Amino acid sequence: MSSPVTSPSTSSASPSDSAEIVPRAQEYHYSEPHQPPGPKQKKYQTHAGRNRFGCGGRLVCSRSHGAFVVTVFLMIATLTLYFVFDAPFLWGYSPAIPIVAAVFSITVISNFVATSFTDPGILPRVENIEIIEMDRQMGMTNGHTNDPSVQRPRFRDVIINGEHVKMKYCTTCRLYRPPRCSHCAICDNCVLMFDHHCPWVGNCIGLRNYTYFYRFVFCLSILVIYLFACAVTHMSLLAQQMPFGEVMRKTPGSVVVIVVCFLTTWSIIGLACFHTYLLCADLTTNEDLKGLYRKKHRPTPPSSNASVNPGNPTKNPFYTGCLKSFAGRLFKSRFPSVLDATGFVDHQPTIEIRVPIEHFTEKPGTNGEKSSDNTKKQPTENV
């Protein structure tokens, strides 16, 4: 037997349906939204977070783009100087030298663009009609009075691989954040598997673009070392033929490449090593900085069952081994976007109410007949 489906925009319903739905609508003082005239809006046009969208919602980035512009300028300027001053000279020794630099440059730029303009895993905010329906179902299940003035619990405990993990209620997005999800204060969104907000790429780093980010940082560290070595080699070979002052006047671009690569290589290599450690430990930057799963930083949560894990520190429930964690984070297929920025806004959504089968169990009355309540609650076919 199918469960009944009701829609706030449909007026044709059976008497049993109206008997159940109308009082609940009056209880929440909910009125049906009016469908605005004109063309339909896409969801990215009504997005409440601080993001910029392009290509009809297919590209997503942050509104703060100061450091992003600096990154783009440094990459373009350094690569341009290398291919203008160093690559032609080194081509005479071996064409493979500038070709390798070109391959790494394309890899770095492509992963940088993918990191900067990919949805990192933004969770859409919960709509009012969803809040109403969730409160109604929680009231039916737990016997609560659906009083809007009563605040929800701040945390919920879930058990993952035998460990207690807290899900915090986000008052901005009005949802309980899934495990490893956090709210970015810069973009004002809850992001799945939030790692950090990187101003240098102009986007949050999360579930859907972390792989691109790691490839970008890792390949960039190799490229910086490679360009530095090529520029030094170019100037050393010229210094064997002319004074060093003449070398600097002949190839000033090589000097700039050496200076830029020397100043940036330490931070880039350090970042690549740090994220390699995070991949092997199956941690995010947010979890590592907060010390969520370090034994010396966090005891067992007070709300957890003391008899299950008495006095022992919380372990990382997501860790499955060094190699497995590393490969699982980097080589798995990309998670689909739940933001659906290219979809259209539905101003009159249809709510599907799933009623347990025992809700329709017949109970005999005092005279052996069905009670009046059960008569009202008989199931109907799907509308």
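Residues numbered from 1 in each chain as written. Predicted model: local features only at pLDDT ≥ 70, side-chain atom pairs only at ≥ 80, totals over all residues. Heavy atoms only, no water.

A. Looking closely at a nonpolar patch on the surface. Nonpolar side chains collect at one region of the surface, where Phe228, Val232, Val259, Phe262, Leu263 and Trp266 lie side by side and expose about 590 Å² of accessible area between them. In terms of residues, the nonpolar patch owes the most to one element, helix α7 (residues 252-281), which gives 4 residues. Tracing the chain through its elements places Phe228 in helix α5 (residues 210-239). (Patch = residues over 30% accessible without salt bridge, like charges linked within 9 Å, V, L, I, M, F, W, Y side chains within 5 Å. Areas by Shrake-Rupley, 256 points an atom, 1.4 Å probe, with all protein chains shown as cover. Salt bridge = Lys/Arg side-chain N within 4 Å of Asp/Glu carboxyl O. Helix = DSSP H or I, 4+ residues; strand = E, 2+ residues; numbered from the N terminus.)

B. Spotlight on unusual backbone geometry. The phi torsion at Arg174 lies on the positive side, around 60 degrees, for a residue other than glycine. With respect to the element layout, Arg174 can be found in the loop between β5 (163-170) and β6 (175-176).

C. A look at the UniProt feature "transmembrane region" (unreviewed entry) in the protein chain. In the numbering used here, UniProt assigns the "transmembrane region" (unreviewed entry) feature to residues 66-85, 91-114, 212-235 and 255-280. The annotated region residues 212-235 carries 100% helix and 0% strand content, and the separation between its end C-alpha atoms amounts to 34 Å. (UniProt positions renumbered as here; feature names shortened; annotations may be inferred.)

D. Up close: the packing of aromatic side chains. For the structure shown, the criterion picks out 13 aromatic pairs. Between Phe89 and Tyr93 the ring centres are 5.5 Å apart and the planes differ by 50 degrees, which places this aromatic pair in the tilted class. With a relative accessible area of 23%, Phe89 lands in the partly exposed category. Look at Phe262 and Trp266: their rings are 5.9 Å apart centre to centre, the planes differ by 90 degrees, and that puts the pair in the edge-to-face class. Note that Phe262 and Trp266 are positioned in helix α7 at a spacing of 4 residues, about one turn of the helix. Residue classification places Phe262 among the partly exposed residues on the basis of a relative accessible area of 43%. For Trp266, a relative accessible area of 58% puts it in the exposed group. Clustering of aromatic rings is evident, with ring pairs tying together Phe68, Phe112, Phe117 and Phe216. Above the plane of the ring of Phe318 lies Arg180, whose end atom (NZ or CZ) is 4.2 Å from the centre. (Phe/Tyr/Trp six-rings, centres within 6.5 Å; stacked < 30°, edge-to-face > 60°. Buried < 20%, exposed > 50% of the residue type's maximum accessible area, 1.4 Å probe, protein only. Lys NZ or Arg CZ within 6 Å of the ring centre and 35° of its normal.)

E. Examining the sheet that holds β6 more closely. The antiparallel open sheet is built from 3 strands, whose spatial order is β4-β5-β6. A strand with exactly one partner marks an edge of an open sheet, and here the two such strands are β4 (155-160) and β6. Two strands pair when backbone bridges link them, and β5 and β6 are joined in this way by 2 bridges, in the antiparallel orientation. Bridged to Cys170 within β6 is Leu175. (Pairing = 2+ DSSP bridges.)

F. Highlighting the pairing of strand β1 (residues 51-54). Of the pairings in the sheet, the one linking β1 to strand β2 (residues 59-62) comprises 4 bridges and is antiparallel in character. Residue pairing in the sheet places Arg52 in a bridge with Cys61 of β2. Between β1 and β2, which pair antiparallel in sequence order, lie 4 residues; one of them, Cys55, sits at a positive phi of approximately 55 degrees.

G. Spatial organisation of the sheet that holds strand β7 (residues 182-184). The sheet built from 3 strands is open, its strands ordered β3-β8-β7 with antiparallel pairing. The open sheet has two edge strands with one neighbour each: β3 (122-123) and β7.

H. Summary view of α7. Relative to the 44 Å expected for 30 residues at 1.5 Å per residue, α7 spans 44 Å between its end C-alpha atoms, a close match to the ideal helical length. Bending of α7 peaks at approximately 40 degrees at the position of Thr265. Listed in full, the buried residues belonging to α7 are Gly253, Ser254, Val257, Ile258, Cys261, Thr265, Ile268, Ala272, His275, Leu278, Leu279 and Ala281. Residues of α7 that are buried sit in contact with α2 (66-91), β9 (196-198), α5, α8 (285-290) and α9 (322-330). (Expected span 1.5 Å × (residues − 1). Bend = angle between axes of the 7 residues up to and from the residue. Contact = heavy atoms within 4.5 Å.)

I. Representation of the side chain of Ser221 within the structure. One can find Ser221 in helix α5. Accessibility expressed as a relative area gives 7% for Ser221, which makes it buried. A distance of 2.5 Å separates the side chain of Ser221 from the backbone oxygen of Phe218, its partner in a polar contact. If we ignore the near neighbours within four places in the chain, the residues touching Ser221 are Ile268, Ile269 and Ala272. (Polar contact = N/O pair within 3.5 Å; in protein donor to acceptor, adjacent residues only side chain to side chain.)

J. Representation of the confidence of the model for the protein chain. Mean pLDDT over the protein chain: 78, with 72% of residues reaching 70 or higher. Taken element by element, the protein chain is modelled with least confidence in helix α1 (residues 15-28), mean pLDDT 40, and with most confidence in helix α3 (residues 96-117), mean pLDDT 96. Throughout residues 1-33 the model reports pLDDT below 50, and contacts reaching past four residues in sequence, or to other chains, amount to 52 contacts. Every residue in residues 366-383 is under pLDDT 50, and counting partners more than four places away or in other chains gives 29 contacts. (pLDDT = per-residue confidence, 0-100.)

K. Quick peek at the nonpolar core. Counting 42 residues, the largest nonpolar core has Tyr82, Val108, Phe216 and Leu227 as its most contacted members. Elements represented by at least two residues in this core include exactly α2, α3, α5 and α7. Tallying contributions element by element places α5 first for this core, with 14 residues. Beyond its immediate sequence surroundings of up to four residues, Phe216 is in contact with Met75, Val108, Asn111, Phe112 and Val201. (Core = buried A, V, L, I, M, F, W, Y, C linked by side-chain atoms within 4.5 Å.)

L. Inspection of the pattern of salt bridges at higher detail. For the coordinates displayed, the defined rule picks out 8 salt bridges. For Lys43, the salt bridge goes to Asp340, with nearest N and O atoms at 3.1 Å. On the criterion of sequence distance, the pair formed by Lys43 in the loop between α1 and β1 and Asp340 in the loop between α9 and α10 (372-376) is long-range, its members being 297 residues apart. Relative accessible area serves as the criterion here: at 36%, Asp340 is assigned to the partly exposed category. Put simply, Asp119 and Arg208 hold a salt bridge, and the shortest N to O gap is 3.9 Å. You can see Asp119 sitting in the loop between α3 and β3 and its partner Arg208 sitting in the loop between β10 (203-205) and α5, a full 89 residues away along the chain.

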